[in-house]
Amino acid sequence: MTPQEFIARWKNNPLGERAGAQTFFLELCDLLGVERPGDAENYCFEYGAQKSSGGDGFADVYKRGFFGWESKKPGRDLKAALKQLTDYYLALESPPLLIVDDRERIEIHTAFTGYPDEVRVIHIDDLADENVRQWLIWAFTDPVKLRPQKSTAAITAGVAGEFGDIAKRMRKRGEDAQKVAHFLMQCLFCMFAEDEEILPDKLFTALLEKYADDAGKAVDRFAKLFQAMNDEGGEFGLTDIPWFNGGLFRVVDIPASLCREDLAALLQSARRDWRAIDPSIFGTLFERGLNPKARAQLGAHYTDTGTIDKLVRPLVYEPLIAEWEALRPKIAAAVSDRKTLKTAEGLYHGFMLRLENFRVLDPACGSGNFLYLSLRALREVEKRARIEAAEFGLQADLQMHTGPHNILGIEINEYAAELARVTVWIGDIQWSRQNGYPHAVNPILQPLEGIENRDALLDADGSEAQWPTASVVVGNPPFLGNKSMRGELGDAYAGTLRKTFEGRIPGSVDFVTYWFEKARAQIEAGKLKAAGLVATQAIRNGSNRKVLDRICETTRIFAAWSDEPWINEGAAVRVSLIVFGAGTGARLNGQEVSAIHADLTPGGGVDLTNVGKLKENAGCCFQGPVKVGAFDVPGETARQWLKQPNPNGQPNSSVVRPWVNASDLVHRPSDTWIVDFCDKSEIDAAWFEAPFQHVVEYVKPARMKVNREKRRKYWWQHGETAPGLHAALAATPRYIATPRVAKHRLFVWLDSTVFPDTRVAAIARADDCTFGILQSRFHE
């Protein structure tokens, strides 16, 4: 059969839906020269027809690993056909293509993980084109050829970079940073809304095109559009605007310096496909561009969804799905008898009410990626329950029960808080559209007053801030070490914080531990079921671990990952993920264990959190001292100094010695030496002429500016003179060194003349037995 004959046969064909669908498909296979269905498991008609409801299959045609295909009678709604495929997407083992047709039109929807949904529409007359037929041949033989060129992550990073450039230019012209950020968030939402066809007629892009050379009129028209979106909708020119509200358009204050260059850049961004934005990384990447105080460089560095889901799944998805699975047999039994049908309906609607009232709080929500992923998990639970309830014959409500109202957040940064709201709105609309469910209307943007812009730990009067009651807490509190808190937060804030939590948290702990203690207290008070938080690996040790000790005393850790990669402000770090509170079982690093101890080791063996210190090991392990100044010199310079005499008759080798940092231990040695006057007086140090002159020139000027009086007064000495370390090294010919922070734990021998940096731990033992124990798998 030629393409022309196929088109003539099927155009306006009167065959009914079921009779026509399979014949159409078989003849299409012949036209394309591809095999017909025949393998009942991998390539067949009516796949999954033996459902619990006894109804139609998951798909009219199914080819495992290639596509799910649903057919309708000509003129029928293909959106309904696509929704059926998306409802049973997991049952179809997540095929890369979802295809629907009504014999007059074929739509190929891409569904590759991590890539946008692109649709190719083929009208029956288009089959005369060999290139169009090739799309369908690839669907049957090589679907990867239909995969979009750019991933959703790459698209999101690209537009975030463009918006970052616009924001930077505006700030350079003197515009207020928050005003710029707010305006650009309004713009980006308009771009998304028009691509999702919520804002009709590509209206925002049309304004950019029409007023590309007239910034004054553009400002006026944008202001009127935003105002119409904030009000209860209505007419804008010849277009009816729906009611958006939600707070995003409540304040309309467009930067007066908006210029042709800005409009051109916005138009370039508006012409992208904003449906492809990835909400799980959207806020993180956009905040770096819009917030001038964001520390990280703008770039595609972010924590992947899979890592965040290690917290979200055991807190949100898994317990709720377990509840639903426990209800299913009860519902199945009740629907089998008309007398108990109302019981079945009551069980189902009771579960829907449970989902509607579930609350997820992120008390350090940043730009909203944890909140969006939590909302997505809730939506997945509801979607599955709705589908399976429909198979039992139960009637579902038109509107979803889960939505942005399930989400609560606290964020101290104004930019991030507003971006978090936008992230949730975009993610909610995008999920609804992709899965065939209605999103909110009148207004489209439901107010997100549950995402608060405030401090999560202290109120303005210095008292402890209160968190709203929630079902679970999840989040990534700020990573800030104990020694950095005063510098970053200010002496007054750090002092007040420690005083407020005195008796509950040790004084010398990292900032992140305060979120753990507050979550623990919420659980103890009955205001929270469980929490999952991210912390640096330091939480497993020392003073920080006392917070986890207290958690294990009053509740339990039921899931943890002790050592995971993470992106913090654009930099790669290693973290621990900890889930505690009411939960079933115990999983450590993905493996079932009997229990999880506070140091994130498994139960069943020795609980190392309760062991004492051996007195024999006291005074043998030291952290290298903090220099506080440029005391280090190249090896070539140091060797020249060793040849020079001094007025006191002592060699420079008394105060100049080889030096190693952690990088020297794990990579090639840098041949760096260090000037070390230990606790010598200024007069005694001055007798060593060349080293002392170096310290005068390169150390003294900076030390005169430091806050600590002792370090200004004794500027020629290291910030910490470490007398204990000096004495220990003097008593041994060699010692064992290890990096304080490293991906892998390793130990090396060093001559005792070599001085360790502060990022190196020195064990002042010379015996091979100690080295063997330290290097052993048991010790690791």
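Note that the coordinates shown come from a computational prediction; the quantities given were computed from them, not determined experimentally.

The rules behind the values
Residues numbered from 1 in each chain as written. Predicted model: local features only at pLDDT ≥ 70, side-chain atom pairs only at ≥ 80, totals over all residues. Heavy atoms only, no water. Pairing = 2+ DSSP bridges. Helix = DSSP H or I, 4+ residues; strand = E, 2+ residues; numbered from the N terminus. Axes fitted to C-alpha atoms, helices over the stretch in contact; angles between N-to-C directions. Contact = heavy atoms within 4.5 Å. Phe/Tyr/Trp six-rings, centres within 6.5 Å; stacked < 30°, edge-to-face > 60°. Buried < 20%, exposed > 50% of the residue type's maximum accessible area, 1.4 Å probe, protein only. Lys NZ or Arg CZ within 6 Å of the ring centre and 35° of its normal. Salt bridge = Lys/Arg side-chain N within 4 Å of Asp/Glu carboxyl O. Parallel < 35°, antiparallel > 145°, perpendicular 65-115°, else oblique. Left-handed = near helix turned anticlockwise from the far one by under 90°. Arc of directions from axis to C-beta. Expected span 1.5 Å × (residues − 1).

Trainee: Go over the sheet that holds strand 25 (residues 760-763) with me, naming the residues and quoting the values.
Mentor: Spatial ordering of the open sheet is given by 18-25-22-23, a layout of four strands whose pairing is antiparallel. The strands lining the two open edges of the sheet, one partner per strand, are strand 18 (621-623) and strand 23 (748-751). In this sheet, adjacent strand axes meet at a mean angle of 35° when their direction is disregarded. Bridge count for strand 22 (residues 734-739) against strand 25 is four bridges, and the pairing is antiparallel. The partner of Ala 737 across the bridge, within strand 25, is Ala 762. Each of strand 22, strand 23 and strand 25 is contacted by helix 26 (residues 768-775), which is oriented at about 10° to strand 22, the strand it contacts most.

Trainee: Would you mind going over the packing of aromatic side chains in detail, with residue names and values included?
Mentor: Per the counting criterion, the structure on display carries 37 aromatic pairs. For the ring pair Phe 67 and Trp 69, a centre distance of 5.6 Å and an interplane angle of 70° mean the geometry is edge-to-face. The burial state of Phe 67 is the same as that of Trp 69; both residues are buried. Consider the rings of Phe 501 and Tyr 514, whose centres lie 5.2 Å apart with planes at 80°: the pair is edge-to-face. In this pair, Phe 501 sits in the loop between helix 16 (491-500) and helix 17 (513-524) while Tyr 514 sits in helix 17, placing the two residues 13 residues apart along the sequence. Looking at Phe 501, the relative accessible area reads 0%, which means it is buried. Of the residues examined, Tyr 514 reaches a relative accessible area of 1% and is grouped as buried. Of the aromatic side chains, those joined through ring pairs into one cluster are Phe 183, Phe 189, Phe 192, Phe 204, Phe 222, Phe 226, Phe 244 and Phe 249. Lys 63 extends its terminal NZ or CZ atom over the ring of Tyr 43, reaching a point 5.0 Å from the ring centre. Above the face of the Trp 135 ring, Arg 120 is positioned so that its terminal group lies 5.5 Å from the ring centre.

Trainee: Explain the pairing of strand 5 (residues 105-110) residue by residue, including any values.
Mentor: Burial analysis of strand 5 places five of its six residues in the buried class, which makes it a mostly covered element. Where strand 4 (residues 97-101) hands over to strand 5, the hairpin turn is made up of three residues, of which Arg 103 adopts a positive phi near 70°. Inspection of the sheet shows strand 5 paired to strand 6 (residues 119-123) by five bridges, in the antiparallel sense. In the sheet register, Ile 106 faces strand 6, and the bridge partner there is Ile 122.

Trainee: Got a sec to walk through the pattern of salt bridges? Specific residues and values, please.
Mentor: Enumeration according to the criterion identifies 47 salt bridges in this entry. Linking Glu 27 and Arg 9 is a salt bridge whose minimum nitrogen-to-oxygen distance equals 2.7 Å. Taken together, the residues span a long stretch of sequence, with Glu 27 in helix 2 (residues 17-32) and Arg 9 in helix 1 (residues 3-10) at a distance of 18 residues. With its nearest N and O atoms 3.6 Å apart, the salt bridge here joins Glu 261 to Arg 169. Placement of the pair is Glu 261 in helix 9 (residues 260-270) and Arg 169 in helix 5 (residues 152-172), with a sequence separation of 92 residues. Judged by its relative accessible area of 22%, Arg 169 falls in the partly exposed class. Among the charged side chains, a network of salt bridges with common partners joins Glu 464, Arg 504, Glu 517, Lys 518, Arg 520, Glu 524 and Arg 550.

Trainee: Outline the packing of helix 7 (residues 203-210) against helix 8 (residues 215-230), listing residues and values.
Mentor: For the pair helix 7 and helix 8, the least separation of the axes is 10 Å and the interaxial angle reads 165°. By the angle class used here, helix 7 and helix 8 are roughly antiparallel. Both helix 7 and helix 8 take part in a crossing whose hand is right-handed. Residues Leu 203, Phe 204, Leu 207 and Leu 208 of helix 7 pack against Arg 221, Phe 222, Leu 225 and Phe 226 of helix 8.

Trainee: Give a detailed account of helix 1, specifying residues and quantitative values.
Mentor: For helix 1, every residue scored as buried is listed here: Pro 3, Phe 6, Ile 7 and Trp 10. Across the axial projection of helix 1, the buried residues extend over an arc of 100°, all falling on one side. Helix 1 presents Gln 4 and Ala 8 as exposed residues on the side facing more than 90 degrees away from its buried surface. The secondary structure elements touched by the buried residues of helix 1 are helix 2 and helix 4 (130-141). Looking one or two residues past helix 1, Asn 12 carries a phi angle of roughly 60°, positive in sign.

Trainee: So what's going on with the environment of Ala 160? Residues and values would help.
Mentor: Within the secondary structure layout, Ala 160 lies in helix 5. Separated by 433 residues in sequence, Ala 160 and Val 593 have C-alpha atoms that sit 42 Å apart.

Trainee: Account for helix 12 (residues 341-357), naming residues and giving values.
Mentor: An ideal rise of 1.5 Å per residue puts 24 Å on 17 residues; helix 12 measures up with 24 Å between its terminal C-alpha atoms. Residues of helix 12 that are buried include every one of Ala 344, Tyr 348, Phe 351, Met 352 and Leu 355, and no others. In a view along the axis of helix 12, the buried residues occupy a sector of 100°, so they form one face of it. Among the structural elements, helix 11 (305-335) and helix 13 (369-391) are those in contact with the buried residues of helix 12.

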